[in-house]
Amino acid sequence: MDLLEYQGKQLFARSGVAVPEGEPADTVEGATAAAERIGFPCVVKAQVLIGGRGKAGGIKVARDAGEARAHADAILGMDIRGPRGEGPFRVHQVWVEQASEIDVEYYASIILDRSAKKPLVILSRMGGMNVEEIAETDPDALVRRHVHPRDGLSLDAARSIAVDAGIDEDVVEGVAGILVKLYAAFNDNDATLIEVNPLIVTADRRVVALDAKVTIDGAALFRHEELAAIEDPPEDPQERLAKEKGLTYVKLDGNVGILGNGAGLCMSTLDVVANAGGRPANFLDAGGGSKADAIVDALEVITSDPKVTAVLFNIFGGITRCDEVAKGIIEAYRRVDMDVPLVVRLDGTNSEEGLAMLAEANLDGLHKAETMLGAAEMVVGLANG
Amino acid sequence: MSIIVGTETKLVVSGLTGREGSFHGLRNRDYGTDLVAGVTPKKGGQDVDGVPVFDTVREAVEEAGANTSMVFVPARFAAASINEAIDAGIGTVIAITEGIPVHDMLPTYWRAREAGVRMIGPNCPGALSPGKANVGIIPAQFFAPGSIGVVSKSGTLTYQIGNELKQAGLGNSSIVGIGGDPIVGSDFIDILELYENDPETELIVLVGEIGGDAEERAADYIAEHVTKPVVAYIAGFTAPPGKQMGHAGAIISGSSGTAEAKKEALEAKNVQVGRSPSETARIAAETLAAL
């Protein structure tokens with residue numbers, strides 16, 4: 001679960017990390033009132049889960065209430081695309097904060113290093129730009145230090161990271177203190193990523209987190225009620241419906257709807273369809289032990305996407321029984337308006353029973369395929385034909 | 001020989017009295033696995049279809065001789081259950097549970113490493129050595145005994161490939177699912193080392209997917225330490241960045257963890273990578289026939 005900038009800053013503040021004073025708002029009036037309370041100059045910042053907001057016109061400085069109103073009016077409702085073309089993301093909220101007088105910009109992050117099985121602290125004196133750029137232009141400017149999860153990050157270790165990164169001498173103590181607090185925030189909130197870019201030194205030499213990028217482990221939300229409560233439902237209608245029904249679904253931009261059982265087999269099915277010349281419309285993992293009701297729900301979600309012109313069910317039954325899947329397909333034809341062809345490949349546990357049930361039901365627009373490759377070719381032909 | 005599980009396995013199931021734990025635990029026993037005990041706190045003294053249940057793993061080790069533990073307990077209690085098995089002197093812990101928080105797994109990973117305990121998973125289908133023992137949820141009917149060692153991040157994808165190998169008349173020394181979580185007890189390289197040293201294994205099939213860099217590190221390891229042929233398959237070429245594809249660990253972060261990068265890394269070290277599960281099984285069969 002990714003947090004918006006302001007949610008991340010509120011989390012930082014709870015851990016004692018200095019952030020500029022600010023308020024979130026979702027209306028122009030609310031944003032203007034917030035700006036008047038905070039005072040001028042202030043900054044109106046679009047709250048979307050993507051980088052490159054400044055370049056897209058989503059971050060503006062206001063010198064008075066009129067400007068704050070005009071900026072909020074322009075930013076709320078705008079669509080922002082990411083640097084790699086991600087999105088668009090619609091702006092529903094702004095964060096209005098006190099403008100900071102920036103003297104120096106640093107970069108700080110803590111990530112979960114999957115290979116080393118340890119958190120990795122990264123600090124650089126070159127902030128404001130993207131960390132990959134820093135790594136390319138000046139790798140020596142990045143200090144990377146693993147932390148053993150049992151030991152945690154001591155103030156001494158944090159100080160040595162700050163010194164090695166070439167942080168200005170007078171703020172080494174302040175930066176080290178913030179690293180220790182960020183590490184505590186990382187642990188206490190089950191974060192898998194915390195990035196502060198830039199971490200600034202103000203004109204009066206205070207160290208302040210000017211941005212916040214935070215990812216929380218979704219598997220740990222059960223012990224963070226306050227974070228679970230701010231999780232927004234997905235914006236995409238199919239992803240929202242799938243979430244309500246407890247299905248693992250990811251929207252893609254093609255026209256071949258796909259259901260597989262198991263994450264790996266489902267990803268593989270997308271790839272095989274793409275190799276056959278098709279464009280997958282989604283990823284949907286029906287999971288192990290899929291029961292008939294889950295199949296009905298899955299077919300409902302997949303076919304609610306108007307771009308879908310054909311659907312492929314690729315099932316290799318292990319724990320999942322193919323007769324249960326067939327039962328679900330037959331039931332779905334009763335309950336869902338199936339106006340696109342469906343290619344079904346059933347293999348594995350009870351596949352003969354499942355195929356016999358489908359043959360007997362004699363459903364309109366249902367095609368059976370023997371193999372995964374054969375199924376992919378068939379569904380691509382039907383989707384494009 | 002075989003790896004991870006075999007005829008010497010004496011299994012204790014944490015969570016044997018639960019619905020899934022009893023279903024799969026007894027299925028493993030029916031296959032021939034030596035299921036010696038179950039563990040559920042406060043249910044010591046009971047039995048599940050004749051299998052004695054103890055309050056603690058330590059009792060299962062001391063009184064029933066358990067050396068391998070399978071963890072089937074719910075996610076929020078699972079790390080504590082793995083820790084208990086590590087501390088009780090179990091040699092191999094296989095964690096099936098999906099959805100364990102990574103901050104729970106970090107200390108547990110190091111606890112296992114430092115105690116010299118082999119951990120497989122979590123979020124994995126377990127390990128099967130055909131004809132010998134099955135610990136986990138792998139449907140054994142799709143695999144035959146043989147000389148191909150399989151190591152995989154994914155369950156159903158492995159069943160698909162195993163079934164194609166079986167239809168081609170080939171079998172497996174062992175099948176090990178390492179799991180699809182960001183932090184797993186054993187990575188590809190840990191299992192590759194075991195297969196390299198296993199006299200029964202002649203060829204290794206590695207099944208990877210997007211996310212992390214375990215496949216890239218495996219490629220380097222293979223080049224330096226593995227003399228047996230390795231055939232690979234990678235899933236997720238069509239996955240978009242930033243989206244979790246089912247498994248918690250299956251996510252492209254920025255530009256890292258892509259299927260292309262993994263395929264290129266493996267091919268650069270002369271590992272053949274199949275474009276589909278079928279092609280992977282075919283390449284494995286041809287390579288084995290040519291040995």
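This text gives an overview of the structure that appears in the document. The shown structure was predicted, so the numbers you read here are calculated from the model rather than taken from an experiment.

Before going further, it helps to examine the overall build of chain A. Of regular secondary structure, chain A possesses 13 helices and 19 strands. With the principal axes as the frame, chain A shows a C-alpha extent of 80 × 50 × 40 Å. By the burial criterion, 48% of the 385 residues in chain A qualify as buried. Intrachain contacts of chain A at a sequence separation of at least 6 include 68% that bridge at least 24 residues.

We now examine the packing of helix H10 (residues 292–303) of chain A against helix H11 (residues 322–335) of chain A. Residues and elements named next belong to chain A. Their axes nearest at 7 Å, the elements H10 and H11 cross at an angle of 45°. Comparing their axes, H11 and H10 come out oblique. The chirality of how H10 crosses H11 is right-handed. Packed against H10, whose contacting residues are Ala-292, Ala-294, Ile-295, Val-296 and Leu-299, the element H11 presents Glu-324, Val-325, Lys-327, Gly-328, Ile-329, Glu-331, Ala-332 and Arg-335 at the interface.

Take the sheet that holds strand E14 (residues 272–274) of chain B next. Residues and elements named next belong to chain B. Pairing is mixed in the open sheet, where seven strands are placed in the order E9-E8-E11-E10-E12-E13-E14. Edge strands, defined here as strands with exactly one partner in the open sheet, are strand E9 (133–136) and E14. Each strand axis lies, on average, 20° off the axis of its neighbour in the sheet, ignoring direction. With five bridges connecting them, strand E10 (residues 145–152) and strand E12 (residues 203–209) associate as parallel partners. Bridge pairing in E12 links Gly-149 to Ile-204.

A separate point is the interface of chain B and chain A. Chain B puts 44 residues into the contact, and the matching count from chain A is 40 residues. Counting only elements with at least two residues in the side of chain B that touches chain A, the list comes to helix H3 (75–87), helix H4 (102–115), helix H5 (155–167) and helix H9 (277–289) of chain B. Tallying contributions element by element places H4 of chain B first for the side of chain B that touches chain A, with six residues. When grouped by side-chain class, the residues that make up the side of chain B that touches chain A number 23 nonpolar, 14 polar and seven charged.

Here we take up the sheet that holds strand E4 (residues 59–62) of chain A. All names here are of chain A. Read across the open sheet, the four strands follow the order E2-E7-E3-E4; overall the sheet is antiparallel. In this open sheet, the two strands that pair with only one neighbour each are strand E2 (22–25) and E4. Each neighbouring strand pair of the sheet contributes to a mean axis angle of 20°, computed without reference to strand direction. Pairing of strand E3 (residues 42–46) with E4 involves four bridges; the strand directions are antiparallel. Note that in E4 the partner of Lys-45 across the bridge is Ile-59. Each of E3, E4 and strand E7 (94–98) touches helix H3 (residues 65–75); the most contacted strand, E3, lies at about 5° to it.

Moving on to the nonpolar core. Residues Leu-179, Leu-284 and Val-379 of chain A together with Val-93 of chain B are the most contacted members of the largest nonpolar core, which totals 221 residues. Tallying contributions element by element places helix H6 (residues 172–188) of chain A first for this core, with nine residues.

The subject of this paragraph is the environment of Ala-115 of chain B. Residue and element names in this part refer to chain B. Relative to the helices and strands, Ala-115 is located in helix H4. On the basis of neighbour counts, which here come to 14 C-beta atoms within 10 Å, the residue Ala-115 falls in the partly exposed class. Each C-alpha atom of the pair Ala-115 and Gly-89 lies 8.7 Å from the other, and the pair is 26 residues apart in sequence.

We now examine the environment of Val-201 of chain A. Residues and elements named next belong to chain A. The topology assignment puts Val-201 in strand E11 (residues 191–202). With 24 C-beta atoms counted inside 10 Å, the residue Val-201 sits in the buried group. Distance from Val-201 to Ala-35, taken between C-alpha atoms, is 23 Å for residues 166 residues apart in sequence.

Further remarks concern the pairing of E11 of chain A. Residues and elements named next belong to chain A. Burial of E11 is extensive: ten of the twelve residues sit out of reach of the surface. Pairing of strand E8 (residues 102–113) with E11, which is carried by eight bridges, proceeds in the antiparallel orientation. Residue Glu-105 lies in a different strand from E11, and its bridge partner there is Ile-200. The pairing of E11 with strand E13 (residues 213–216) spans four bridges and is classified as antiparallel. Pairing of Ala-191 across the sheet is with Ile-216, part of E13. In this sheet, strand E12 (residues 207–209) lies alongside E11 in antiparallel orientation, the contact comprising three bridges. Note that in E12 the partner of Val-201 across the bridge is Val-207. Taking the residues that link successive antiparallel strands as the turn, the E11-E12 hairpin has four residues, and the phi of Arg-205 there is positive, at about 60°.

Another aspect to go through is the packing of helix H6 (residues 188–196) of chain B against helix H7 (residues 214–225) of chain B. Residues and elements named next belong to chain B. Where H6 meets H7, the closest approach of the two axes is 9 Å, and the angle between their N-to-C directions is 30°. Classified by the angle their axes make, H6 and H7 are roughly parallel. Remark: the crossing between H6 and H7 carries right-handed chirality. Residues Phe-188, Ile-189, Leu-192, Glu-193 and Glu-196 of H6 lie in contact with H7, whose contacting residues are Ala-214, Glu-215, Arg-217, Ala-218, Tyr-221, Ile-222 and His-225.

Calculation criteria
Residues numbered from 1 in each chain as written. Chains lettered and ligands numbered in written order. Predicted model: local features only at pLDDT ≥ 70, side-chain atom pairs only at ≥ 80, totals over all residues. Helix = DSSP H or I, 4+ residues; strand = E, 2+ residues; numbered from the N terminus. Buried ≥ 20, exposed ≤ 12 C-beta atoms within 10 Å, placed from the backbone. Contact = placed C-beta atoms within 7 Å. Axes fitted to C-alpha atoms, helices over the stretch in contact; angles between N-to-C directions. Parallel < 35°, antiparallel > 145°, perpendicular 65-115°, else oblique. Left-handed = near helix turned anticlockwise from the far one by under 90°. Pairing = 2+ DSSP bridges. Nonpolar A, V, L, I, M, F, W, Y, C, P; charged D, E, K, R; others polar. Core = buried A, V, L, I, M, F, W, Y, C linked by C-beta atoms within 7 Å.

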